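Each chain, letter by letter, is given below.
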Amino acid sequence: MHLPPAIILATLCIALQLLNSSTASVIPNRHVSNAHWLPAVATWYGSANGDGSDGGACGYGTLVDVKPFHARVGAVNPILFKNGEGCGACYKVRCLDRSICSRRAVTVIVTDECPGCSKTNTHFDLSGAAFGRLAITGESGPLRNRGLIPVIYRRTACKYRRKNIAFHVNEGSTDFWLSLLVEFEEGEGDIGSMHIRQVLVSLRL
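Read on for an overview of the structure. (Residues numbered from 1 in each chain as written. Predicted model: local features only at pLDDT ≥ 70, side-chain atom pairs only at ≥ 80, totals over all residues. Heavy atoms only, no water.)

Quick look at the overall build of the protein
So, point 1. Of the regular secondary structure elements, the protein holds 4 helices and 10 strands.
So, point 2. Counting from the amino terminus, the protein carries its helices and strands in the arrangement α-β-β-β-α-β-β-β-α-α-β-β-β-β.
So, point 3. The 205 residues of the protein split such that 44% are buried.
So, point 4. Pairs at least 24 residues apart make up 74% of the contacts formed inside the protein by residues separated by at least 6 positions.
So, point 5. Approximately 11300 Å² of the protein is accessible, and the part contributed by carbon and sulfur atoms is 54%. (Helix = DSSP H or I, 4+ residues; strand = E, 2+ residues; numbered from the N terminus. Buried < 20%, exposed > 50% of the residue type's maximum accessible area, 1.4 Å probe, protein only. Contact = heavy atoms within 4.5 Å. Areas by Shrake-Rupley, 256 points an atom, 1.4 Å probe, with all protein chains shown as cover.)

Describing the environment of Arg144
So, point 1. Locating Arg144 in the fold gives a position in helix 4 (residues 140-145).
So, point 2. Looking at Arg144, the relative accessible area reads 9%, which means it is buried.
So, point 3. When the C-alpha atoms of Arg144 and Ala129 are compared, they prove to be 10.0 Å apart, with 15 residues separating the residues in sequence.
So, point 4. With residues near it in sequence (within four places) discarded, Arg144 still touches Trp44, Ala48, Asn49, Gly128, Phe131 and Gly132.
So, point 5. One polar contact links Arg144 to Asn49, side chain to side chain, over a distance of 3.1 Å.
So, point 6. A polar side-chain atom of Arg144 sits 3.2 Å from the main-chain carbonyl oxygen of Gly128. (Polar contact = N/O pair within 3.5 Å; in protein donor to acceptor, adjacent residues only side chain to side chain.)

Examining the pattern of salt bridges
So, point 1. Using the criterion set out here, one finds 1 salt bridge in the structure.
So, point 2. The partner of Arg146 in a salt bridge is Asp97, with the nearest N and O atoms 2.8 Å apart. Of the two residues, Arg146 sits in the loop between helix 4 and strand 7 (149-156) while Asp97 sits in the loop between strand 4 (90-95) and strand 5 (106-113), which places them 49 residues apart along the sequence. (Salt bridge = Lys/Arg side-chain N within 4 Å of Asp/Glu carboxyl O.)

Focus on the pairing of strand 6 (residues 123-127)
A regular strand carries its side chains on alternate faces of the sheet.
So, point 1. Among the 5 residues that make up strand 6, 5 are buried, leaving the element largely enclosed by the rest of the structure.
So, point 2. Relative to strand 6, strand 2 (residues 38-45) runs parallel, the two sharing 5 bridges. Looking at strand 6, one finds that Thr43 is bridged to Asp125.
So, point 3. Here strand 3 (residues 73-76) runs beside strand 6; their pairing, made up of 3 bridges, is antiparallel. Bridging from a neighbouring strand, Gly74 pairs with Leu126 of strand 6. (Pairing = 2+ DSSP bridges.)

So, the state of the cysteines
Working definition: the covalent bond between the sulfur atoms of two cysteines is a disulfide.
So, point 1. By the definition in use, this model includes 4 disulfides.
So, point 2. A disulfide bridge connects Cys58 with Cys87, and the sulfur atoms are separated by 2.0 Å. Here Cys58 and Cys87 share a disulfide; its torsion about the S-S bond, -85°, makes the bridge left-handed. One end of the pair, Cys58, is in the loop between strand 2 and strand 3; the other, Cys87, is in the loop between helix 2 (78-81) and strand 4, with 29 residues separating them in the sequence.
So, point 3. Classification of Cys87 by relative accessible area gives buried; the value is 14%.
So, point 4. The residue that forms a disulfide with Cys90 is Cys158, at a sulfur-sulfur distance of 2.0 Å. Because the torsion about its S-S bond is 115°, the bridge between Cys90 and Cys158 counts as right-handed. Highlighted residues: Cys90 in strand 4 and Cys158 in the loop between strand 7 and strand 8 (165-169), separated in sequence by 68 residues.
So, point 5. By sequence-ordered numbering of the bonded cysteines, the protein has its disulfides arranged as 1-2, 3-8, 4-5, 6-7. (Disulfide = S-S within 2.5 Å.)

Describing the nonpolar core
So, point 1. Grouped together as the largest cluster of nonpolar side chains are 27 residues, with contacts concentrated most on Tyr91, Val93, Val108, Phe124, Leu134, Leu143 and Ile149.
So, point 2. Not counting residues up to four positions away in its chain, the partners in contact with Ile149 are Ala40, Val41, Ala42, Cys95, Phe131, Leu134 and Leu143. (Core = buried A, V, L, I, M, F, W, Y, C linked by side-chain atoms within 4.5 Å.)

A closer look at the side chain of Ser102
So, point 1. Tracing the chain through its elements places Ser102 in the loop between strand 4 and strand 5.
So, point 2. Here the side chain of Ser102 touches Arg104 through a polar contact of 2.9 Å, landing on its backbone nitrogen.
So, point 3. Residues contacting Ser102, with those up to four places away along its chain left out, are Arg94, Cys95, Leu134, Ala135 and Ile136.

In structure tokens, the structure reads:
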């Protein structure tokens, strides 16, 4: 029986969500969470309380403003973007001026590249919402007005409640061409490589 493309794609999406079976495998980049804080700078873009931008070099599109991201996102310079391999990685970022900055670090997820940022010093270009969370209560506006601020950061594990990994079949995929986006991955967050193979599914109507 010939299955229409919609059913084939739906079946593939279901199969990929069962990732730890023998039908597919994803190999994350092998990084461990870094306990040491490192220096960097941070700016922000987009609207003051927004998610930065729709789209971005990692391909998340409007997903950056919904669960599990909730605008906790940012662009990074080439040092952390790594030609796309840095997409999905999670970092804790904290600003240093105690007169205006919270002592609480903000966890941000890499969803974009910042081509205009420094190529030699680590730079986070955060969404307006993420940047504002660096401030103490009531000071997010004045902190944004500073523009560029010194911060410290460290790599951390991504935590998505009750979720392991999720795939999205991109619009335009057909039974002859397939485009997949790894939306998020628990733990290390960034994907080193992905292998898939065809799954034969028998449907009884």
